Amino acid sequence: MLNGCTASPETDSDGLVTTSTWLGCLAGKTVRLVTVHDGGHTWFSSEFGAGAGAVDATDLIVEFFDLPS
């Protein structure tokens, strides 16, 4: 598998959002996939889209890049 992760992810579902997390990847990294079901193609925040409030895309990007908020 890419990134040398384990074959099967740990999965957590909360309403419209499913988070799949692969552990044990190369260099001790973790890979996470956040899926919004039936969300269409929109920017997810507390104000927009079918999944409004389900997940905030801006917060996820800030976390991903370890940026100051």
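In short, a report on the structure. In this text, all values refer to a predicted model and were calculated from it rather than measured experimentally.

**Quick notes on the layout of surface pockets**
Turning to step 1, where the next piece is worked out: Roughly 260 Å³ of internal volume is contained in the largest pocket.
Turning to step 2, where the next piece is worked out: For the largest pocket, the full set of lining residues is Thr 30, Arg 32, Leu 33, Val 34, Leu 60, Glu 63 and Phe 64.
Turning to step 3, where the next piece is worked out: Those elements that provide at least two residues to the lining of the largest pocket are β3 (31–36) and α1 (57–64).
Turning to step 4, where the next piece is worked out: A class-by-class count of the residues in the lining of the largest pocket yields 4 nonpolar, 1 polar and 2 charged.

**Observations regarding unusual backbone geometry**
Turning to step 1, where the next piece is worked out: You will see that Ala 27, though not glycine, has its phi angle at about 60°, which is positive.
Turning to step 2, where the next piece is worked out: The topology assignment puts Ala 27 in the loop between β2 (17–22) and β3.

**With respect to the sheet that holds strand β1 (residues 10–14)**
Sheet strands line up and pair through hydrogen bonds in the backbone, either parallel or antiparallel.
Turning to step 1, where the next piece is worked out: If you trace the 3 strands from one edge of the open sheet to the other, you get β1-β2-β3, paired in antiparallel fashion. Two strands close off the open sheet at either side, each with one partner strand: β1 and β3. Each neighbouring strand pair of the sheet contributes to a mean axis angle of 15°, computed without reference to strand direction.
Turning to step 2, where the next piece is worked out: With 5 bridges connecting them, β1 and β2 associate as antiparallel partners.

**Remarks on the pattern of salt bridges**
Turning to step 1, where the next piece is worked out: Counting across every chain of the model gives 1 salt bridge.
Turning to step 2, where the next piece is worked out: The salt bridge involving Glu 63 is made with Arg 32; its shortest N-O contact spans 2.9 Å. Note that Glu 63 is positioned in helix α1 and Arg 32 in strand β3, a separation of 31 residues in sequence.

What counts and what doesn't
- Residues numbered from 1 in each chain as written.
- Predicted model: local features only at pLDDT ≥ 70, side-chain atom pairs only at ≥ 80, totals over all residues.
- Heavy atoms only, no water.
- 1 Å grid on protein atoms, 1.4 Å probe; cavity = no way out; pocket = protein on both sides within 12 Å on 5 of 7 lines; lining within 4 Å.
- Points joined across faces, edges and corners; volume = space filled by probe spheres on them.
- Helix = DSSP H or I, 4+ residues; strand = E, 2+ residues; numbered from the N terminus.
- Nonpolar A, V, L, I, M, F, W, Y, C, P; charged D, E, K, R; others polar.
- Pairing = 2+ DSSP bridges.
- Axes fitted to C-alpha atoms, helices over the stretch in contact; angles between N-to-C directions.
- Salt bridge = Lys/Arg side-chain N within 4 Å of Asp/Glu carboxyl O.

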